[in-house]
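Descriptive structure summary
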Amino acid sequence: MNISEIKQETYAMIDDLKSACNLAGAGNSPGEYKIITQSFLYKFLNDKFIYDLGKNVPEFQGKSNKEIESLLKSKSDEEYEIMLLSLDAGTAVLGKEQLISTIFSRKGEEDFHNIFDKALEEISKKNMEIFSVHTGGKAQIKLFSPISREIADDEKKDSLCSAIIQKLATSSFENVFEQKYDFFADIFEYLIKDYNKDSGRYAEYYTPHVIAGIIAKIMAPEGATNVTVYDPSAGTGTLVLAMAHQIGEEHCTIYTQDITQKSNEFMRLNLILNNLVHSLPNVIQDDTLLYPRHLNKKKTDIEHFDFIVSNPPFNVDFSETRDELAGSKYNKRFWAGVPNVPNKDKSKMAIYLMFLQHIIDSMKEDGKAAIVVPTGFLTAGSGIQKKIRDRIIRERMLKGVISMPSNIFATTGTNVSIIFLDKSNKDGDVVLMDASNLGTKEKIDGKYQKTVLSDSEIRRIIDIFIKKEPVDDFSVVVKYEDIEKKKLSFSAGQYFEVKIDYVELTPQEFTDKMNNYMVELQELFDEGAKLQKEIIEQLKKVNYEQNNNV
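Residues numbered from 1 in each chain as written. Predicted model: local features only at pLDDT ≥ 70, side-chain atom pairs only at ≥ 80, totals over all residues. Heavy atoms only, no water.

Turning our attention to the side chain of asparagine 425. Tracing the backbone through its elements, the reader meets asparagine 425 in the loop between β9 (416-422) and β10 (430-434). Asparagine 425 gets classed as buried once you look at its relative accessible area, which sits at 10%. Residues within four places of asparagine 425 in sequence aside, it is in contact with Arg396, Leu398, Lys399, Val430, Lys468 and Tyr480. (Helix = DSSP H or I, 4+ residues; strand = E, 2+ residues; numbered from the N terminus. Buried < 20%, exposed > 50% of the residue type's maximum accessible area, 1.4 Å probe, protein only. Contact = heavy atoms within 4.5 Å.)

This is how it looks when you write it as structure tokens:
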């Protein structure tokens, strides 16, 4: 089976799970995402457990998942426990009673939903230490919660759980575990596409993979070793996952924080799918601005990171906490100021400026960062925006800026740019790029317009940026002093040369061209005089008619 076929088969299983939800009346309900993502994760962990046993236990090597499951059930409890010692810490452990084939064999029993839910709860308990993520208050968010709780109608709980176990038991992930990031990125996107909506205070506007890929390749073109990667508004983790893939999953540790529980659950799923289980303890649910949870070892300051990537929310109502954030406790971190509360629309508060300041303060001395911002930030003539740009230039940490095409994000029409910071770029050149004319327009779901970049356009952006190559009307390489002379503008267009084409003419050609211009100009003057006369006549007529009516 090739990758495309494996992918289509996995998509079909996800669609079947959604159909089961719809039949149980849970379609489009607030709990639907829990049912779908937890069912998918159960299947993934079940098959991964069996797959890893097949690799590590000599008795199981060369056997299919089905054959291994059959052998597992014949083991005594003691033999089973000894066998589990062969597994890596990143593999979730399931007991015999929690295997999907075991639960499937009990389908039809009374109160089957309780059997299903209990299996999930037992898996959560067995893997609590490694697979839980945490709130800022240290509460553990378990791997699974009972699925049947998401169904209001008691009579439909058994039928839903039966339908789900039927789908899970008749599918196989046996062939997916050799796949890499590109495969799982598509699967993850397909899995959550109906649930990653912009709800909640700091909700994520989904970051397209193309943006994440461009950022990762520019940030770490040669990879890295033993580094930390942080996103303070991580959402589902698209940016940090792309960075981990570019650097190498085994060479980096991920740190994230996000205020919403749903985003953190998606983030955990994403890390598990991409073999980054070792980073799960660093996934924290809390308000990054009020309660940054990643602190240094002495707990005296925020932690500092090698790489920071972020697509923070642009405008969110944070009026309830605005005054506290503007207080002396936060002055050091929010050095450029805190946006005021607007008189009319509080949802227009530019919260991205808070994240931008937090990110700059979270960079190591030689740290690097990439942040998605509204393009208007590049040229704002005053206020917090200009103060931030002033510090970036004064402290010599700008690596470059890319202005992206409009509608590169399907969910927002705001033009966006990516700012690349590099604290080691003290005396280096700065690349300013205007990629706004690239891409082709497409309709998403029949209503959103999205700009799609081709592979060659993506490659062009990355190559020109890394090589620091000036290209007419596309990219320019400048010094910090040039930016200071342009009133701290980060917009590439303000640095492009204005060119006048030179054409050599004979004296006669020059005279003829000037005469033509004179004729054309006289014709325009005559036309203008004619229009002026007509307008005056029409105005007189209007006055005459109005006077007669009176």
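Having seen the structure, we can now continue with the description.
Right, let's talk about the domain arrangement of the protein for a bit. Annotation of the protein at the domain level lists domain 1 (3-178), domain 2 (192-494) and domain 3 (503-534). For domain 1 and domain 2, the distance between their C-alpha centroids amounts to 35 Å. Domain 1 puts 22 residues into the contact, and the matching count from domain 2 is 19 residues. Together domain 1 and domain 2 conceal approximately 1,800 Å² of surface at their shared face, both sides included; 65% is due to carbon and sulfur atoms. The largest per-residue losses of area from domain 1 upon contact with domain 2 belong to Tyr33, Val133 and Gly136, which jointly make up 29% of the total buried on that side. Along the contact surface separating domain 1 from domain 2 lie 1 salt bridge. The shortest N-O distance in the salt bridge between glutamate 265 and lysine 34 comes to 3.0 Å. At the junction of domain 1 and domain 2, the tally comes to 9 residue pairs in polar contact (both at pLDDT 80 or more). Contributions of two or more residues to the side of domain 1 that touches domain 2 are made by α2 (32-56), α7 (128-131) and β1 (133-135). (Domains from an automatic or database assignment. Buried area = accessible area lost by both parts, 1.4 Å probe. Salt bridge = Lys/Arg side-chain N within 4 Å of Asp/Glu carboxyl O. Polar contact = N/O pair within 3.5 Å; in protein donor to acceptor, adjacent residues only side chain to side chain.)

What follows concerns the nonpolar core. The biggest cluster of nonpolar side chains holds 156 residues, and the ones touching the most others in it are Tyr42 and Leu398. Counting contributing residues per domain, this core is built from domain 1 (3-178) and domain 2 (192-494), each supplying no fewer than three. Ignoring sequence-local partners within four residues, the contact set of tyrosine 42 consists of Leu94, Gln98, Leu99, Ile100, Ile103, Phe116, Ala119, Leu120, Ile123, Phe144, Ile165 and Leu168. (Core = buried A, V, L, I, M, F, W, Y, C linked by side-chain atoms within 4.5 Å.)

Glancing now at helix α15 (residues 383-394). The terminal C-alpha atoms of α15, which comprises 12 residues, lie 16 Å apart, in line with the 16 Å expected from a rise of 1.5 Å per residue. Listed in full, the buried residues belonging to α15 are Ile384, Ile388, Arg389, Arg391, Ile392 and Ile393. Contacts made by the buried residues of α15 are with α14 (352-361), β8 (398-403), β9 and α17 (480-485). In the segment just after α15, arginine 396 is the residue with positive phi, at about 55°. (Expected span 1.5 Å × (residues − 1).)

On the surface, Glu520, Glu523, Asp526, Glu527 and Glu534 cluster together to form a negatively charged patch. Within the element layout of this structure, glutamate 527 appears in helix α18 (residues 507-549). (Patch = residues over 30% accessible without salt bridge, like charges linked within 9 Å, V, L, I, M, F, W, Y side chains within 5 Å. Areas by Shrake-Rupley, 256 points an atom, 1.4 Å probe, with all protein chains shown as cover. Lys, Arg positive; Asp, Glu negative; His and termini not counted. Charge placed at Lys NZ, Arg CZ, Asp CG, Glu CD.)

Taking strand neighbours across the sheet as the criterion, the 11 strands line up as β2-β1-β5-β4-β3-β6-β7-β9-β8-β10-β13 in an open arrangement whose pairing is mixed. If you trace the sheet from one side to the other, it starts and ends with β2 (140-141) and β13 (475-478), each paired once. Against the sheet, helix α11 (residues 238-247) contacts β3 (227-231), β4 (252-258) and β6 (305-310), and its axis sits at roughly 160° relative to β3. (Pairing = 2+ DSSP bridges. Axes fitted to C-alpha atoms, helices over the stretch in contact; angles between N-to-C directions.)

Quick look at the pattern of salt bridges now. Overall, the coordinates contain 20 salt bridges when judged by the stated rule. For arginine 106, the salt bridge identified is with glutamate 109, shortest N-O distance 3.2 Å. The class of arginine 106 is partly exposed, set by a relative accessible area of 33%. The exposure class of glutamate 109 is partly exposed, given its relative accessible area of 35%. Connected through shared salt-bridge partners, Asp361, Arg391 and Glu395 make up one network.

For β3, the buried fraction is high: 5 of the 5 residues fall into the buried class. In β3, alternate side chains face the same way, and those of Val227, Val229 and Asp231 on one face and Thr228 and Tyr230 on the other are all buried. Pairing of β3 with β4 involves 5 bridges; the strand directions are parallel. Counterpart to valine 229 in the pairing with β4 is isoleucine 254. Taken together, β3, α11 and β4 constitute a β-α-β crossover, and its handedness is right-handed. Note that β3 and β6 share 2 bridges and pair parallel. Looking across to β6, one finds that valine 229 is bridged to phenylalanine 307. (Right-handed = clockwise from strand over helix to strand, strands pointing away.)

Here the focus is the packing of aromatic side chains. Taken as a whole and assessed by the stated rule, the structure comprises 17 aromatic pairs. Seen from their ring centres, phenylalanine 44 and phenylalanine 177 are 5.3 Å apart, and the 65° between their planes marks the pair as edge-to-face. Placement of the pair is phenylalanine 44 in helix α2 and phenylalanine 177 in the loop between α8 (157-169) and α9 (181-192), with a sequence separation of 133 residues. With a relative accessible area of 3%, phenylalanine 44 lands in the buried category. Ring geometry for phenylalanine 44 versus phenylalanine 184: centroids 6.0 Å apart, planes at 85°, classification edge-to-face. Of this pair, phenylalanine 44 sits in helix α2 while phenylalanine 184 sits in helix α9; the two residues are 140 residues apart in sequence, bridging distant segments of the chain. Both residues of the pair, phenylalanine 44 and phenylalanine 184, count as buried. Linked through ring pairs, Phe40, Phe44, Tyr51, Phe173, Phe177, Phe183 and Phe184 together constitute an aromatic cluster. The residue whose ring lies beneath lysine 18 is tyrosine 190, and the NZ or CZ to ring-centre distance is 5.8 Å. (Phe/Tyr/Trp six-rings, centres within 6.5 Å; stacked < 30°, edge-to-face > 60°. Lys NZ or Arg CZ within 6 Å of the ring centre and 35° of its normal.)

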